[in-house]
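Below, each chain spelled out in residue letters.
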Amino acid sequence: MITSKGFNELRETVRYLDQVPFDVSRKTLYTAAELYEGFDPDSEETFSECFDSIVYQQYKTSGQHTSNVNELLARTLHDHRIHTALARFLKQHDPRCYVGVMGGHAMLRTDALYHDIAHLGHRLTRQGFVMLTGGGPGAMEAAHLGAWMAGYSATELDDALQMLEVAPSFRDKGWLSSAFKVIDKYPQDQFISLGIPTWVYGHEPSTPFATHIAKFFENSLREDNILTLAFGGIVYAPGSAGTLQEIFQEAVQDHYLSYGFASPMIFLGEHFWTEEIPVYPLLDHLMKTGRYKNLLLSLTDDVDAIVDTLTSFKDEKQEPCP
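Quick caveat: nothing in here was measured; it's all calculated off a predicted structure.

A. Structural context of the sheet that holds strand β7 (residues 296–300). Reading across from one edge, β4-β3-β2-β1-β5-β6-β7 is the order of the seven strands in this open sheet, with parallel pairing throughout. The sheet terminates laterally at β4 (212–213) and β7, the two strands that pair on one side only. Two elements, strand β6 (residues 264–268) and β7, share five bridges in a ladder whose sense is parallel. Its bridge partner being in β7, Pro264 is matched across the sheet by Leu296. Packed on one face of the sheet, helix α6 (residues 139–148) meets β1 (98–102), β2 (130–133) and β3 (193–195) and runs near 160 degrees to β2. Of the strands in this sheet, β1, β5 (234–236), β6 and β7 touch helix α13 (residues 303–315), which is tilted by about 175 degrees from β6.

Right, here's the structure in full:
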């Protein structure tokens, strides 16, 4: 039998869940249009008024490690529904069709590697792969841009890249507006990609080029999903602490064959991964000495080589991506 105090607490919880700026019972993944509802590309200052910004501000005000049980419940319910929607989305393709791209959010749109990753996403998406990233700027955005432009030519992709160069960094004015201008010039509804961002890093805007966005409050859910869902392999572009964490987390999964098989770990940028941050020689040494097993490592500067590696791995199963 519920007490008067319990009833009042329950009523307060229901009231709280009704008042949070996000839907705790939503049934689908987000779209860029939903996240950026209220943003006017012709008025950059309206970014602070869009849905994504409002949720992030409420998240910061409530506190990342809030002790408010109603807030914790709201976030948990939201993330559970996103996780459920994500599971439905993933059933649409063979697991080896999901290819991850990990890399730094600070990579500029003017960088040669940004262009390489965009062309890689373009080619892989045209072959039926689904690009999967953390859904943020930099290397992540480049992969989604390529996927968005898969129905257009490589020359048109280069035009889109040039349009974005007016705001190289996500910190630059016009970063989001220029993306929406590309989307307006090159509309499409045929090709998909999946971004998995988090409000923990809400200061990094989610790329609007991802057609499906699983945005979580709990970063551990997000990190686990990114790495475990990219069964087709992961391309590691230059990055810093977050990318390094993802490398070793994936290495552990492959070592133990946690999901039945290991997937390719492809390092894009020979100088970076052998000289600046020499992770590749370390992993190679650990493999040769038996400390790690089952890792499918490769190191390259060549987009063609990456496409060949991922295609060969997918074809081992003899099931084409739809």
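Still to come is the rest of the account.
B. Spotlight on the pattern of salt bridges. Considering all chains together, one arrives at 11 salt bridges under this definition. A salt bridge links Glu141 to Arg109, with the shortest nitrogen-to-oxygen separation between them at 2.7 Å. With Glu141 in helix α6 and Arg109 in the loop between β1 and α5 (112–126), this residue pair connects regions lying 32 residues apart in the sequence. Across the pair, Arg109 and Glu141 agree in class, each one buried. Two residues, Asp284 and Lys288, come together in a salt bridge whose shortest N-O distance is 3.0 Å. With a gap of four residues between them, Asp284 and Lys288 both fall in helix α12 (residues 279–288), about one helical turn apart. Judged by its relative accessible area of 24%, Asp284 falls in the partly exposed class. Take Lys288: its relative accessible area is 68%, and that puts it in the exposed class.

C. Representation of a negative patch on the surface within the structure. A grouping of Asp40, Asp42, Glu45 and Glu49 is seen on the molecular surface, where their side chains present a negatively charged patch. Take Glu49: it is sitting in the loop between α2 (32–35) and α3 (51–62).

D. Molecular detail of the packing of α5 against helix α7 (residues 154–164). Put simply, α5 and α7 touch, their axes get as near as 11 Å, and they point 140 degrees apart. By the criterion of interaxial angle, the relationship of α5 to α7 is oblique. The two elements α5 and α7 meet at a crossing, and its hand is right-handed. Across from Tyr114, His115, Ala118, His119 and His122 in α5, the residues of α7 making contact are Ala154, Leu157, Asp158, Leu161 and Leu164. Per-class residue counts for the contact of α5 with α7 are six nonpolar, three polar and one charged.

E. Region of the structure containing the pairing of β6. With five of five residues buried, β6 lies mostly within the body of the structure. Neither face of β6 is exposed, since Pro264, Ile266 and Leu268 on one face and Met265 and Phe267 on the opposite face are all buried. With three bridges connecting them, β5 and β6 associate as parallel partners. Pairing of Tyr236 across the sheet is with Phe267, part of β6. For the handedness criterion, the β-α-β arrangement of β5, helix α10 (residues 241–255) and β6 is classed as right-handed.

Rules of the game
- Sequence positions are assigned chain by chain, starting from 1 and proceeding in written order.
- Given that the model is predicted, a residue must reach a pLDDT of at least 70 before its local features are reported, and side-chain atom pairs must reach 80 or more before they are shown or counted; all residues, however, enter totals for whole chains, interfaces and linings.
- Side-chain metrics in this entry use all non-hydrogen atoms of the structure; hydrogen atoms and water are not considered.
- Here the rule is simple: two strands pair whenever DSSP picks up at least two bridges between them.
- Secondary structure counts use DSSP, requiring at least four H or I residues in a row for a helix and at least two E residues in a row for a strand, with both numbered from the N terminus.
- The contact rule is simple, with two residues in contact once any of their heavy atoms fall within 4.5 Å.
- Here an axis means a line fitted to C-alpha atoms, over the contact stretch when the element is a helix, while the angle between two N-to-C directions is reported on a 0 to 180 degree scale.
- When a carboxyl oxygen of Asp or Glu is within 4 Å of a side-chain nitrogen of Lys or Arg, the pair counts as a salt bridge.
- A 1.4 Å probe rolled over the protein chains alone gives each residue an accessible area, and that area as a share of the maximum for its type sets the label: buried under 20%, exposed over 50%, partly exposed in between.
- Note on patches: the residues involved have over 30% relative accessible area and no salt bridge, like charges join within 9 Å, and the nonpolar side chains Val, Leu, Ile, Met, Phe, Trp and Tyr join within 5 Å.
- The Shrake-Rupley method, run with a 1.4 Å probe sphere, supplies the accessible areas, and residue values consider only the shown protein chains as cover.
- Charge counting follows a simple rule: Lys and Arg are positive, Asp and Glu are negative, and His as well as the terminal groups are ignored.
- By convention, the point assigned to a charge is CZ for Arg, NZ for Lys, CD for Glu and CG for Asp.
- By the definition adopted for this analysis, an angle is roughly parallel if under 35 degrees, roughly antiparallel if over 145, roughly perpendicular if from 65 to 115, and oblique otherwise.
- We call a crossing left-handed when the near helix sits turned anticlockwise from the far one by less than a right angle, and right-handed when that turn is clockwise.
- Each residue gets one label: Ala, Val, Leu, Ile, Met, Phe, Trp, Tyr, Cys and Pro are nonpolar, Asp, Glu, Lys and Arg are charged, and the others, such as Gly, are polar.
- When the strands point away from the viewer, a crossover counts as right-handed if the route from the first strand across the helix to the second turns clockwise.

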